[in-house]
Amino acid sequence: MDPLLTVFTPTHVAHSSFHELPACIESFREKAIGAANYRHLIVCDSDPAMGSLTGEYLSLLKSIENKYPEVEVIHRPNSGCRKNYVYTLDAITTPYMFYLEHDWTFLEEINLPSLLSVFQDHPQVNYIRFNHKNNDSTSGWDTIHQEASEIDSLPLLKIDCWHNVIHMIRVDDFKTNKLPLVDSWSIEESLTMKYKRAI
């Protein structure tokens, strides 16, 4: 059976990345319940100024790729997170993408089948963003529009904008409707029918 989900992890060469990325991957593998069939694409940016550290980090990425069959590593020097997001949207073939930057870890379990079912059962849902722990903000990026009580299977809130914390998207919708916003990084512009997971 072809996977429904690609986990996309952008990373870059830095001293902190050596422990942040493995912790991120282990966190996902431990906390993502029902993650039996998925791809995990790690796209690495690098700067020539980092010198030998780049080779060391690429060696670490290769060892991770060899350890986990779902992982594929792509090295894109001088690219950056935004360009790698656009690249990944174009490259993947799964209907859904889970954005997980390399310096995030999970404090709670994630029920992936439940998330997927929300997308499959509710075609108006194109984006689910994970909330920061204990974030109950009602202004700025986390302005709450209204409770999404029509979706009983997952506690969600409608929000006002896109940004690059952990999130899951319907790939076709983003390719068709949202890519110009991602490409220009226009996070202040409003999108329709976005949801934040209320943790």
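Residues numbered from 1 in each chain as written. Predicted model: local features only at pLDDT ≥ 70, side-chain atom pairs only at ≥ 80, totals over all residues. Heavy atoms only, no water.

A. How the structure looks around the packing of helix H1 (residues 17-31) against helix H2 (residues 52-67). Between H1 and H2, whose axes approach to 11 Å, the crossing angle comes to 15°. The orientation of H1 relative to H2 falls into the category roughly parallel. Note on packing geometry: the crossing formed by H1 with H2 is right-handed. Mapping the contact onto sequence places Ser17, Phe18, Leu21, Pro22, Ile25 and Glu26 in H1 and Leu53, Glu56, Tyr57, Leu60, Leu61, Ile64 and Lys67 in H2. In terms of residue class, the contact of H1 with H2 is made up of nine nonpolar, one polar and three charged. (Axes fitted to C-alpha atoms, helices over the stretch in contact; angles between N-to-C directions. Helix = DSSP H or I, 4+ residues; strand = E, 2+ residues; numbered from the N terminus. Parallel < 35°, antiparallel > 145°, perpendicular 65-115°, else oblique. Left-handed = near helix turned anticlockwise from the far one by under 90°. Contact = heavy atoms within 4.5 Å. Nonpolar A, V, L, I, M, F, W, Y, C, P; charged D, E, K, R; others polar.)

B. Geometry of the nonpolar core. In this structure, Phe28 and Phe98 are the most contacted members of the largest nonpolar core, which totals 21 residues. Looking at this core, the elements with two or more residues in it are strand E1 (5-12), H1, strand E5 (96-99), helix H4 (112-121) and strand E7 (127-130). In terms of residues, this core owes the most to one element, H4, which gives five residues. Dropping the residues within four chain positions of it, phenylalanine 28 is found in contact with Val7, Ala35, Tyr38, Phe98, Leu100, Phe106 and Leu112. One finds Ile74, Tyr85, Met97 and Val171 within the second-largest nonpolar core, a separate group that totals 13 residues. (Core = buried A, V, L, I, M, F, W, Y, C linked by side-chain atoms within 4.5 Å. Buried < 20%, exposed > 50% of the residue type's maximum accessible area, 1.4 Å probe, protein only.)

C. Structural view of the pattern of salt bridges. Within the structure shown, the criterion is met by three salt bridges. Residues lysine 62 and glutamate 65 are paired through a salt bridge, measuring 3.4 Å at the closest nitrogen-oxygen approach. With lysine 62 and glutamate 65 both in helix H2, this residue pair falls three residues apart, about one helical turn. (Salt bridge = Lys/Arg side-chain N within 4 Å of Asp/Glu carboxyl O.)

D. Quick peek at the side chain of serine 46. With respect to the helices and strands, serine 46 occurs in the loop between strand E3 (38-45) and H2. On the basis of relative accessible area, serine 46 is assigned to the buried category, the value being 7%. Serine 46 has contacts with Val13, Thr54, His75, Arg76, Pro77 and Asn78, leaving out every residue within four places of it along the chain.

E. Just the environment of glycine 51, in detail. You can see glycine 51 is positioned in the loop between E3 and H2. Classification of glycine 51 by relative accessible area gives partly exposed; the value is 40%. Residues glycine 51 and valine 13, 38 residues apart in the sequence, show an inter-C-alpha distance of 9.8 Å.

F. Region of interest: the pairing of strand E4 (residues 71-75). Taken together, the five bridges between E3 and E4 define a ladder with parallel strand orientation. By the bridge assignment for E4, leucine 41 is matched with glutamate 72. (Pairing = 2+ DSSP bridges.)

G. Summary view of the packing of aromatic side chains. Per the counting criterion, the structure on display carries ten aromatic pairs. Centroid distance phenylalanine 28 to tyrosine 38: 5.4 Å. Interplanar angle 70°. Geometry classified as edge-to-face. Placement of the pair is phenylalanine 28 in helix H1 and tyrosine 38 in strand E3, with a sequence separation of ten residues. Look at phenylalanine 28 and you get buried, because its relative accessible area is 0%. For tyrosine 38, a relative accessible area of 10% gives the class buried. Site record: aromatic cluster; members linked through ring pairs are Phe28, Tyr38, Phe98 and Phe106. The aromatic ring of tyrosine 87 is capped on one face by arginine 76, whose charged end is 4.3 Å from the ring centroid. (Phe/Tyr/Trp six-rings, centres within 6.5 Å; stacked < 30°, edge-to-face > 60°. Lys NZ or Arg CZ within 6 Å of the ring centre and 35° of its normal.)

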